[in-house]
Amino acid sequence: MYKKFLTPALVLVALLTLLAVLGIRAMEISPTFSLAQETETEGEEKDEKMGEEKRVYLTFDDGPSTVVTGKILDVLKKEDVKATFFIVSDRVYNREATLRRIAAEGHTLGVHSATHEYNQIYASDESLLKDVATCENVIARVTGIKPKVYRFPGGGKLKERARQTKLLEELGYRVVGWNAVCGDEEIKNASSERLVKETVKTSEGKSTVILLLHDSATHRATAEALPEIISYYRERGYRFCQY
Ligand SMILES: [Zn+2]
């Protein structure tokens, strides 16, 4: 009698145990899946809502130079990245081919200055506009392009900047500043590693980065740092933009 009941009871216990184990497993698996999906959807919605696209503008001031500009253009070509070059037109003489190469490879040419002599440029509104016109004319004569962007040498005079920006906008210019630096002017004799570090430090937390770099003759380290600077932004999902 006892034996007769034992077998069905054991079968029942075994069945219940099996169901319980399957149930627990199902509970363990399903929330994990749904959580993962929710997290993904939430992320997508957030990006769409904020319309946030990470963008970086690589901007090179004070060129063209014979060696450094060429090296920078080589890197940009290899990496398939377009940039903006703010030109000092007194440095174009004998480097016309470099200026034409910048344009031919699809980069933007902007006006920076004719002389880069602050005292001369900022003596008056007239002298500023004359400086801009001279640079504009050289770029147009050599490349056939009329530049549409401008950057104040040294960032401009704080008290005059707003008014002078208006003057330049009336001439059809978009005036461009910067919000991150590689440090190639600020840090004396910086190594390429140091320039990458400074780029990272000043770019962190910014969804739009306008990075200030220089391509004049003393900035070989900038050209050396450029591949790593590009990788830094690329790995973080930034889109490379030009003006
Ligand atoms: Zn400059």
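Being a predicted model, the structure only gives us computed values, none of them experimental.

**Q** What should I look at first to understand the overall build of the protein in this one?
**A** In terms of helices and strands, the protein carries eight helices and eight strands. Counting over 243 residues, the protein shows a buried share of 33%. Considering only intrachain contacts with a sequence separation of at least 6, the fraction spanning at least 24 residues in the protein is 76%.

**Q** Can you walk me through helix 8 (residues 220-235) in this structure?
**A** For an α-helix, the turn length of 3.6 residues means that residues three or four places apart are oriented alike. The first and last C-alpha atoms of helix 8 sit 24 Å apart over 16 residues, in line with the 22 Å expected at 1.5 Å per residue. At Leu-226, helix 8 is deflected by roughly 40°, the largest bend along its length, and proline Pro-227 occurs up to four residues later in sequence. The complete set of buried residues in helix 8 reads Ala-221, Thr-222, Ala-223, Ala-225, Leu-226, Ile-229, Ile-230 and Tyr-233. Check the buried side of helix 8 and you find it contacts strand 1 (55-63), helix 2 (68-79), helix 7 (192-203) and strand 7 (208-214). Gly-237, located one to two residues past helix 8, shows a positive phi value of around 80°.

**Q** I'm lost on the packing of helix 5 (residues 125-143) against helix 6 (residues 161-170) in this one. Help?
**A** Orientation of helix 5 relative to helix 6, taken along the N-to-C sense of each, is 45°, at an axis distance of 11 Å. Classified by the interaxial angle, the pair formed by helix 5 and helix 6 is oblique. Every pair of crossing elements has a handedness; the one defined by helix 5 and helix 6 is right-handed. Taking contact as the criterion, the partners of Asp-125, Leu-128, Leu-129 and Val-132 in helix 5 are, on helix 6, Gln-164, Leu-167 and Leu-168. Broken down by class, the residue content of the contact of helix 5 with helix 6 amounts to five nonpolar, one polar and one charged.

**Q** Please clarify how the pairing of strand 2 (residues 84-88) should be interpreted in this entry.
**A** Moving residue by residue along a regular strand, the side chains alternate between the two faces of the sheet. Burial analysis of strand 2 places five of its five residues in the buried class, the great majority of the element. Burial along strand 2 is two-sided: the residues Thr-84, Phe-86 and Val-88 and Phe-85 and Ile-87 are all buried. In this sheet, strand 2 lies alongside strand 1 in parallel orientation, the contact comprising four bridges. The partner of Gly-63 across the bridge, within strand 2, is Ile-87. What joins strand 1 to strand 2 is helix 2, and the crossover it makes is right-handed. One crossover worth recording links strand 2 to the parallel strand 3 (residues 108-113) by way of helix 3 (residues 96-104), and it is right-handed.

**Q** Any chance you could explain the nonpolar core here in plain terms?
**A** One recurring pattern in soluble globular proteins is that nonpolar side chains are buried together. Counting residues in hydrophobic clusters, the biggest one holds 48 residues, and the most contacted among them are Ile-87, Cys-182 and Leu-211. Residue contributions to this core peak at seven residues, all from helix 8. When residues no more than four places from it in sequence are discounted, the contact partners of Ile-87 are Gly-63, Pro-64, Val-92, Leu-99, Leu-109, Gly-110, Val-111, His-112, Cys-135 and Ile-139.

**Q** It is not clear to me how the packing of helix 2 against helix 8 should be interpreted in this structure. Could you clarify?
**A** Two numbers describe a pair of packed helices, the interaxial angle and the distance between the axes. At their nearest, the axes of helix 2 and helix 8 sit 8 Å apart, and the two run at 10° to each other. The angle between the axes of helix 2 and helix 8 places the two elements in the roughly parallel class. Between helix 2 and helix 8, the residues in contact are Val-68, Lys-71, Ile-72, Val-75 and Glu-79 and Arg-220, Thr-222, Ala-223, Leu-226, Pro-227 and Ile-230, respectively.

**Q** Is there a simple way to think about the environment of Ala-180 in this case?
**A** You can see Ala-180 is positioned in strand 6 (residues 180-181). For Ala-180 and Thr-202, which are 22 residues apart along the polypeptide, the C-alpha to C-alpha distance reads 5.0 Å. Contact partners of Ala-180, with chain neighbours within four places excluded, come to Thr-199, Thr-202, Ser-203, Lys-206, Val-209, Ile-210 and Leu-211.

Definitions and cut-offs
Residues numbered from 1 in each chain as written. Predicted model: local features only at pLDDT ≥ 70, side-chain atom pairs only at ≥ 80, totals over all residues. Helix = DSSP H or I, 4+ residues; strand = E, 2+ residues; numbered from the N terminus. Buried ≥ 20, exposed ≤ 12 C-beta atoms within 10 Å, placed from the backbone. Contact = placed C-beta atoms within 7 Å. Expected span 1.5 Å × (residues − 1). Bend = angle between axes of the 7 residues up to and from the residue. Axes fitted to C-alpha atoms, helices over the stretch in contact; angles between N-to-C directions. Parallel < 35°, antiparallel > 145°, perpendicular 65-115°, else oblique. Left-handed = near helix turned anticlockwise from the far one by under 90°. Nonpolar A, V, L, I, M, F, W, Y, C, P; charged D, E, K, R; others polar. Pairing = 2+ DSSP bridges. Right-handed = clockwise from strand over helix to strand, strands pointing away. Core = buried A, V, L, I, M, F, W, Y, C linked by C-beta atoms within 7 Å.

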